[in-house]
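Descriptive structure summary
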Amino acid sequence: MQISGTKKLLDLIPFTVAVHEEEDPFFSWHANVVLINRRKTIVLMNDKTRYIVALHGIKAKDARPVT
């Protein structure tokens, strides 16, 4: 799965992101961060199906990598 983030989102997350190329658009997503009622919301959209997933109320401790 490949998630392409905007510069605004990449500045928000506290870890580095590796770049991988995949050919199937079904496994490709775009991500952005927006403010809704003063809370950060990460919005993901699938490139092929245009399906949207919204993660509302993200805090700094929630946006760290899983080890």
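Residues numbered from 1 in each chain as written. Predicted model: local features only at pLDDT ≥ 70, side-chain atom pairs only at ≥ 80, totals over all residues. Heavy atoms only, no water.

1. Section: the environment of Asn 32
This is how the line gets drawn: Here a strand is any run of E in DSSP of at least two residues, a helix any run of H or I of at least four, and the numbering for each starts at the N terminus. The contact definition used throughout considers only heavy atoms, calling two residues in contact when any of these lie within 4.5 Å. Pairs of N or O atoms are called polar contacts if they sit within 3.5 Å, as long as, within protein, a hydrogen donor faces a hydrogen acceptor (for residues adjacent in sequence, only side-chain-to-side-chain pairs).
Considering the arrangement of structural elements, one finds Asn 32 in strand E2 (residues 28–36). Considering only alpha carbons, one finds Asn 32 and Lys 7, 25 residues apart in sequence, at a separation of 8.5 Å. Those residues in contact with Asn 32 that sit more than four places away from it in its chain are Thr 6, Lys 8, Leu 9, Thr 41, Ile 42 and Val 43. In this structure the side chain of Asn 32 is engaged in a polar contact, spanning 3.0 Å, whose partner is the side chain of Thr 6.

2. Some words on the pairing of strand E3 (residues 39–46)
In plain terms, the rule: Strands were regarded as paired on the criterion that DSSP finds at least two bridges between them.
Where E2 and E3 come together, eight bridges link them in antiparallel fashion. Counted as the bridge partner of His 30 is Met 45 from E3. Connecting E2 to the antiparallel partner E3 that follows it, the hairpin turn spans two residues, and Asn 37 within it adopts a positive phi of roughly 55°. Summarising the sheet, E3 and strand E4 (residues 52–56) pair through five bridges and their orientation is antiparallel. Considered in E4, the bridge of Thr 41 is made with His 56. Turn length for the E3-E4 hairpin, with the two strands adjacent in sequence and antiparallel, is five residues, and the turn residue Arg 50 shows positive phi of about 60°.

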